[in-house]
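# Tertiary structure, described
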Amino acid sequence: IFLLDLNENDPKPVVLRISRGFDLTSFNPHGMSVHIDETDNVVYLFVVNHPNHGSTVEIFKFDEENNSLLHLKTIMHDLLPSINDIVALGPDSFYATVDFYFSATTMKVIEKLLYLPWSSVVYYSPTEVKEVASGFYFTNGINISPARKYIYFVDIADHALHVMEKHDNNSLTPVKVLTVETLADNLDVDPITGDLWAGCHPNGWKLFVYDPENLPGSEVIRIQNILSDEPVVT
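Presented here is a report on the structure given in the accompanying data block. (Residues numbered from 1 in each chain as written. Predicted model: local features only at pLDDT ≥ 70, side-chain atom pairs only at ≥ 80, totals over all residues. Heavy atoms only, no water.)

### Observations concerning the overall build of the chain
Scanning the chain for helices and strands turns up 2 helices and 19 strands. Relative to a compact globule of 234 residues, whose C-alpha radius of gyration would be 17 Å, the chain shows 18 Å and is just as compact. Taken along the three principal axes of its C-alpha coordinates, the chain extends 45 × 45 × 40 Å. For the chain, the residues scored as buried account for 43% of the 234 residues in total. Considering only intrachain contacts with a sequence separation of at least 6, the fraction spanning at least 24 residues in the chain is 41%. Counting every atom, the chain has about 13,300 Å² of accessible surface; 52% of that belongs to carbon and sulfur. Distance from the positive charge centre (14 side chains) to the negative charge centre (32 side chains) of the chain: 3 Å. (Helix = DSSP H or I, 4+ residues; strand = E, 2+ residues; numbered from the N terminus. Rg over C-alpha atoms; globule rule 2.2 N^0.38 Å. Buried < 20%, exposed > 50% of the residue type's maximum accessible area, 1.4 Å probe, protein only. Contact = heavy atoms within 4.5 Å. Areas by Shrake-Rupley, 256 points an atom, 1.4 Å probe, with all protein chains shown as cover. Lys, Arg positive; Asp, Glu negative; His and termini not counted. Charge placed at Lys NZ, Arg CZ, Asp CG, Glu CD.)

### Observations regarding the nonpolar core
Counting residues in hydrophobic clusters, the biggest one holds 20 residues, and the most contacted among them are Tyr 152, Leu 161, Leu 187, Leu 196, Ile 223 and Ile 226. Looking at this core, the elements that each hand over two or more residues are strand S13 (150-155), strand S14 (160-166), strand S16 (183-189), strand S17 (196-201) and strand S18 (219-224). Here the element with the most residues in this core is S16; it accounts for 4 residues. With residues near it in sequence (within four places) discarded, Leu 161 still touches Tyr 152, Phe 153, Val 154, Lys 176, Val 177, Leu 178, Leu 187, Leu 196, Ile 223 and Ile 226. In terms of nonpolar packing, the next biggest core, distinct from the first, is built from 16 residues, Ile 59, Ile 86, Ala 88 and Ala 96 among them. (Core = buried A, V, L, I, M, F, W, Y, C linked by side-chain atoms within 4.5 Å.)

What follows is the structure, encoded as structure tokens:
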């Protein structure tokens with residue numbers, strides 16, 4: 001995992017040292033999210049990990065002085081068989097997108113070939129784990145609004161960006177679905193304006209049939225006023 005300080009004139013990525021005892025040989029990071037505790041400003045880093053084709057969430061505490069990560073805990077659960085992305089809510093709670101119902105590779109292939117809508121979003125805390133949204137084809141990037149009232153996530157296979165209202169019991173209810181003319185992947189939210197930024201794949205077929213002479217390419221889209229009747233996508 002790298003740290004990049006964009007406040008520097010010539011920023012360069014710095015490798016974050018991870019505390020002893022953590023198995024780096026099987027560390028295969030995927031989605032990430034940060035939570036800053038308002039009481040003591042401790043920075044927690046949540047990382048989706050796929051050790052040996054499995055799925056876990058690793059929680060670290062960031063040591064800014066030493067540019068290092070202290071591993072705190074590993075989270076596994078039956079409702080989290082194949083985690084794609086994550087958005088942290090507190091020091092040990094989060095929402096996660098589950099892109100496959102199955103964890104075995106062969107069954108994952110069959111699941112996607114049959115285009116089964118078995119992908120979901122799961123809420124996790126030490127006291128409660130529950131599925132909060134389901135019936136999707138391939139949930140991917142997920143994030144939260146600046147006021148922490150809405151959850152945004154992508155169904156990449158359905159060209160859809162879903163907006164859900166977050167409730168006090170951490171359940172979600174649908175607000176709207178925005179269709180995008182691309183395969184939206186990861187989501188970021190501007191903390192000031194609330195604009196959404198999505199990294200996207202304009203041609204999904206080229207991702208699977210890779211040709212160095214005809215690269216798949218990528219693009220970034222910006223979504224403004226997502227909650228309005230006419231969001232602006234550029």
